[in-house]
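# Residue-level structural notes
What follows is each chain in one-letter form.
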Amino acid sequence: MTYATAPDGTRIAYQHRGEGAPLVLLAGQANDHHWWDAVRADFHPARSTLTLDYRGTGGSDKPDTPYSTELFARDVVAVLDALGIDRADVYGTSMGGRVAQQLAARHPQRVAALVLGCTSPGGPHGVERGDDVRRALAQPDPGAARQALLELMYTPGWLDSHPGPYRTLGDPAMPAHARRRHLGASNRHDAWDLLPAVTAPTLVVHGADDLLNPAANAPLLAARIPGARLHLVPGARHAYFEEFRAHASPLVLDFLTSARRP
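Residues numbered from 1 in each chain as written. Predicted model: local features only at pLDDT ≥ 70, side-chain atom pairs only at ≥ 80, totals over all residues. Heavy atoms only, no water.

## Focus on the pairing of strand S6 (residues 111-117)
Rule in force here: Only protein chains enter the accessibility calculation, which uses a 1.4 Å probe; a residue is then buried when its area is under 20% of its type maximum, exposed when over 50%, and partly exposed in between. Strands are runs of DSSP state E lasting at least two residues, helices are runs of H or I lasting at least four, and both sets are numbered from the N terminus onward. We treat two strands as partners when DSSP finds at least two bridges between them. Looking down the strands as they point away from the viewer, one classifies a crossover as right-handed if the path from the first strand across the helix to the second runs clockwise.
Among the 7 residues that make up S6, 7 are buried, leaving the element largely enclosed by the rest of the structure. Where strand S5 (residues 88-93) lies against S6, 5 bridges are found, and the strand directions are parallel. When the sheet's bridge partners are listed, Ala-88 is paired in S6 with Val-111. With helix H2 (residues 95-106) bridging S5 and the parallel S6, this β-α-β connection has right-handed handedness. Inspection of the sheet shows S6 paired to strand S7 (residues 202-207) by 4 bridges, in the parallel sense. Directly across from Leu-116, in S7, lies its bridge partner Val-204.

Below, the structure written as structure tokens:
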């Protein structure tokens, strides 16, 4: 296991694979780097990929102290510093997109190009999931709640042909306190006032049928970030990047390549 040390002494595990210009991949809430297992190789012909285990997940330390998306962004900076990377492209999905917003707005010199996937600005301007979705995820039967989450992540046809394992349902080894801390960090995220300060070329991507993080958040982000582009993936739910990888991965790579042209 390879570690960087955050300013508060927390050890952050990271994984750097491939060769070429670095692309930071940021996972969803309560997930470690395995969130990206199915698709990270899609980027290796043109990029190296850098993932990390958020504090509270995977091989990273799991302090029982308040977490925030701003704190997670500082942990990303610690990893970049450990590798001697001055600037990188950043692709964050779900809560990782919230972390990426903080990173791009608060540390603009570290982000060359930005992709925000299936995410939200948070706060009072963000569009919250519906009450029916909340009830489905809060069912007392763990199996029923897990199935509800799967159906929010993937289409029925994809689930029928892909029996798992599923890497996007959370780190199963996470302690309960860390799960609560992650939920709090995601729920408190509010980058609305920060977004106009994002200077990196930005692509906003979202599954058009996403109910877990409603697709209505995508145009809000794209309108708030200067010059941002918007792309909705037809028929896709929350995990568009995996189920629709044949569409999404080339889309992201093409954007990153064009963003680096002088």
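## Digging into the packing of aromatic side chains
Operational definition: Pairing of aromatic side chains here covers Phe, Tyr and the six-membered ring of Trp, requires ring centres within 6.5 Å, and sorts the geometry by plane angle: under 30 degrees stacked, over 60 edge-to-face, intermediate tilted. Put simply, a charge is over a ring when the Lys NZ or the Arg CZ is close to the ring centre, within 6 Å, and near the line of the ring normal, within 35 degrees.
Under the counting rule described, the total for this entry stands at 9 aromatic pairs. Pairing Tyr-154 with Trp-158 gives two aromatic rings, centres 4.4 Å apart and planes at 10°, and the pair type is stacked. Here the two residues Tyr-154 and Trp-158 agree in accessibility, since each one is buried. Among the aromatic residues, ring-to-ring pairing joins Trp-35, Trp-36, Phe-43, Tyr-91, Tyr-240 and Phe-241 into one connected group. Stacked on the ring of Tyr-3, the Lys or Arg Arg-11 has its end atom at 4.3 Å from the ring centre.

## With respect to the pattern of salt bridges
Between side chains of opposite charge, pairing is possible as soon as their charged atoms come close. Rules: Between Lys or Arg on one side and Asp or Glu on the other, a salt bridge is scored when a side-chain nitrogen of the former is within 4 Å of a carboxyl oxygen of the latter.
Tallying each qualifying case throughout the model produces 12 salt bridges. The salt bridge partner of Arg-245 is Asp-42, with a shortest N-O separation of 2.5 Å. Residue Arg-245 is located in helix H9 (residues 245-260), and its partner Asp-42 is located in the loop between strand S3 (22-26) and strand S4 (48-52); the two are separated by 203 residues in the primary sequence. Residue classification places Arg-245 among the partly exposed positions, given a relative accessible area of 33%.

## Considerations on the environment of Thr-119
Positionally, Thr-119 belongs in the loop between S6 and helix H3 (131-137). Using a relative accessible area of 1% as the deciding quantity, one classes Thr-119 as buried. The spatial distance from the C-alpha of Thr-119 to the C-alpha of Asp-210 is 10 Å, given a sequence separation of 91 residues.

## Regarding the nonpolar core
Selection criterion: Residues belong to one nonpolar core when they are buried, are Ala, Val, Leu, Ile, Met, Phe, Trp, Tyr or Cys, and are joined through side-chain atoms within 4.5 Å. Residue contacts are counted whenever heavy atoms from the two residues lie within 4.5 Å of one another.
Core analysis: the largest hydrophobic core is formed by 75 residues, its most contacted members being Leu-26, Tyr-91, Leu-114 and Tyr-240. When residues no more than four places from it in sequence are discounted, the contact partners of Leu-114 are Val-90, Ala-100, Ala-104, Val-198, Ala-200, Pro-201, Thr-202, Leu-203 and Phe-255.

## What about the sheet that holds S5?
Convention followed: Here an axis means a line fitted to C-alpha atoms, over the contact stretch when the element is a helix, while the angle between two N-to-C directions is reported on a 0 to 180 degree scale.
Here 8 strands make up an open sheet; going across it, the order is S1-S2-S4-S3-S5-S6-S7-S8 and the pairing mixed. Lying at the two open borders of the sheet, with one neighbouring strand each, are strand S1 (2-5) and strand S8 (229-233). Taken pair by pair, the neighbouring strands of this sheet meet at an average axis angle of 25°, ignoring direction. Judged from the 4 bridges that link them, strand S2 (residues 11-17) and S4 form a sheet pairing that is antiparallel. Directly across from His-16, in S4, lies its bridge partner Leu-50. On the sheet, helix H7 (residues 217-224) packs against S7 and S8 and is oriented at approximately 165° with respect to S8. Packed onto the sheet, H9 meets S3, S5, S6, S7 and S8 and runs at close to 155° relative to S6.

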